[in-house]
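Given next are the chains, with one letter for each unit.
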Amino acid sequence: MEVIIVNDYEQLSQRACDIIVEQVHMNPESVLGLATGGTPLGTYRELVQANGNGKIDFKHVSTLNLDEYIGLDSSHPQSYRQFMKRELFDAINISETRTYIPDGRPDDLEEECRRYEALIEAIGPPDLQLLGIGENGHIGFNEPGSDMDGETHIVELTESTRAANARFFDKDEDVPAHAITMGIRSILKSKRILLLASGERKARAIKRLLQGEEDANFPASALLAHPHVTLVMDQAAYGMK
Ligand code: GLP
């Protein structure tokens, strides 16, 4: 695992943007795996700016998001589809038809899982997968105890993950209880993984990850088996502040 420690969130966002810009320069038809949550927001802001300045062209890029809440229509403001539109897609020159996110309200959940996994194979796998890390070590929505060899599936969110994500909703009880997520195996299919961690509240998870032992109770540890992971974190996530 390549580990890059930067001073703060600004630098982290800039560095992550640079890595993505480099990837798309190398291959203008890159498939990018994208993530939601607070951590990638700065990266998306930098990418919007870079796109505006002509430093990156998304015309031939495709994207595959990690996960979506179950029960939220794709037009719901807190759905990950709307999150991605707001924070990135609507502000860059990407064709919406090339942006893929699981459907949070399919007729058949199992069928949707199969469809999305097949899509990862057909469109991807991503050349680069952007990833955040939950305080309990979850990646995507693969909570502790997940099948380390799982593909796209439905999960029940833990109380701690629902609480951590409650800040995006008006009321705590509005936070969905289930999600559809790429499995750990689906995530590991990516050619490169760019893992971002910012802030003190991630320090424990990062410390555990860097201890370097694979453990199903700590899903992020599955990344240790991947040949090309770049972890960019700020000093606070490294426990230096
Ligand atoms: C959510 C997302 C994850 C994300 C995690 C951390 O649960 N499904 O993809 O990595 O939150 O979020 P944040 O970046 O806001 O700390």
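Residues numbered from 1 in each chain as written. Predicted model: local features only at pLDDT ≥ 70, side-chain atom pairs only at ≥ 80, totals over all residues.

## Concerning the overall build of the protein
Part 1: Counting secondary structure elements, the protein contains seven helices and 10 strands.
Part 2: In terms of overall size, the protein behaves like a compact globule, its C-alpha atoms giving a radius of gyration of 17 Å where 241 residues would be expected to give roughly 18 Å.
Part 3: Here the C-alpha coordinates of the protein stretch approximately 40 × 40 × 35 Å along the principal axes.
Part 4: Evaluated residue by residue, the protein yields a buried proportion of 42% over its 241 residues.
Part 5: The contacts in the protein between residues at least 6 apart in sequence include a share of 80% that link residues at least 24 apart. (Helix = DSSP H or I, 4+ residues; strand = E, 2+ residues; numbered from the N terminus. Rg over C-alpha atoms; globule rule 2.2 N^0.38 Å. Buried ≥ 20, exposed ≤ 12 C-beta atoms within 10 Å, placed from the backbone. Contact = placed C-beta atoms within 7 Å.)

## Comments concerning unusual backbone geometry
Part 1: The amide bond that connects G124 to the next residue, P125, takes the cis arrangement and shows omega of 0°.
Part 2: Examined against the element boundaries, P125 turns out to sit in the loop between α4 (109-123) and β6 (128-131).

## Here we look at helix α3 (residues 80-87)
Part 1: For α3, the set of buried residues is Y80, R81, F83 and M84. Down the axis of α3, the smallest arc covering the buried residues is 160°, so these residues share one side. (Arc of directions from axis to C-beta.)

## Looking at the sheet that holds strand β2 (residues 31-34)
Part 1: Reading across from one edge, β1-β10-β9-β6-β2-β3-β5 is the order of the seven strands in this open sheet, with parallel pairing throughout. The open sheet has two edge strands with one neighbour each: β1 (2-6) and β5 (99-100).
Part 2: Pairing analysis gives two bridges linking strand β3 (residues 62-65) to β5, with the strands arranged parallel. From the neighbouring strand, L64 faces β5, where its bridge partner is Y100. (Pairing = 2+ DSSP bridges.)

## A word on the UniProt feature "domain: Glucosamine/galactosamine-6-phosphate isomerase" (unreviewed entry) in the protein
Part 1: In this structure's numbering, the residues bearing the UniProt feature "domain: Glucosamine/galactosamine-6-phosphate isomerase" (unreviewed entry) are residues 11-224.
Part 2: From the first C-alpha to the last, residues 11-224 spans 24 Å; its make-up is 34% helix and 14% strand. (UniProt positions renumbered as here; feature names shortened; annotations may be inferred.)

## Points about the UniProt feature "active site" (unreviewed entry) in the protein
Part 1: The UniProt record annotates "active site" (unreviewed entry) at D67, N136, H138 and E143.
Part 2: Along the chain, the position of N136 falls in the loop between β6 and β7 (153-156).
Part 3: N136 sits in the partly exposed class, given 18 other C-beta atoms within 10 Å.
Part 4: In this view, N136 contacts P144, T158 and S160; residues no more than four positions away in its chain are not counted.
Part 5: Given 24 C-beta atoms within 10 Å, H138 falls into the buried group.
Part 6: Those residues in contact with H138 that sit more than four places away from it in its chain are E143, P144, T161 and P219.

## A short note on the site of the ligand
Part 1: The environment of the ligand is made up of 14 residues, and the closest members are A35, G37, G38, T39 and G132.
Part 2: Looking at side-chain class alone, the shell around the ligand contains four nonpolar, nine polar and one charged residues. (Near = placed C-beta within 6 Å. Nonpolar A, V, L, I, M, F, W, Y, C, P; charged D, E, K, R; others polar.)

## A few points about the sheet that holds β7
Part 1: On the basis of which strands lie adjacent, the open sheet formed by three strands has the order β4-β8-β7 and antiparallel pairing. Edge positions in the sheet fall to β4 (67-69) and β7, since each of these pairs with one other strand and no more. Averaged over all neighbouring strand pairs, the angle between strand axes comes to 25°, with direction disregarded. (Axes fitted to C-alpha atoms, helices over the stretch in contact; angles between N-to-C directions.)

## Considerations on the environment of M182
Part 1: With respect to the helices and strands, the residue M182 is situated in the loop between β8 (178-181) and α6 (184-188).
Part 2: Assessed through the 30 C-beta atoms surrounding it within 10 Å, M182 is described here as buried.
Part 3: Placed 24 residues apart in sequence, M182 and I206 show a C-alpha to C-alpha distance of 21 Å.
Part 4: Those residues in contact with M182 that lie beyond four places of it in its chain are L66, D67, I120, G140, T152 and I187.

## Some remarks on the packing of helix α1 (residues 9-26) against helix α2 (residues 41-52)
Part 1: Where α1 contacts α2, the two axes come as close as 8 Å, and the packing angle between them is 55°. Classified by the angle their axes make, α1 and α2 are oblique. For α1 against α2, the interelement crossing comes out right-handed. For the pair α1 and α2, the contacting residues are Y9, E10, L12, S13, Q14, A16, C17, I20 and V21 in the first and G42, T43, R45, E46, L47 and A50 in the second.
Part 2: For the contact of α1 with α2, the per-class residue count stands at eight nonpolar, four polar and three charged. (Parallel < 35°, antiparallel > 145°, perpendicular 65-115°, else oblique. Left-handed = near helix turned anticlockwise from the far one by under 90°.)

## Regarding the pairing of β8
Part 1: Relative to β8, β4 is paired through three bridges, and the arrangement is antiparallel. Residue pairing for β8: D67 is matched across the bridge by T181.
Part 2: Bridging between β7 and β8 involves four bridges; their strand directions are antiparallel. Its bridge partner lying in β8, V155 is registered against A179.

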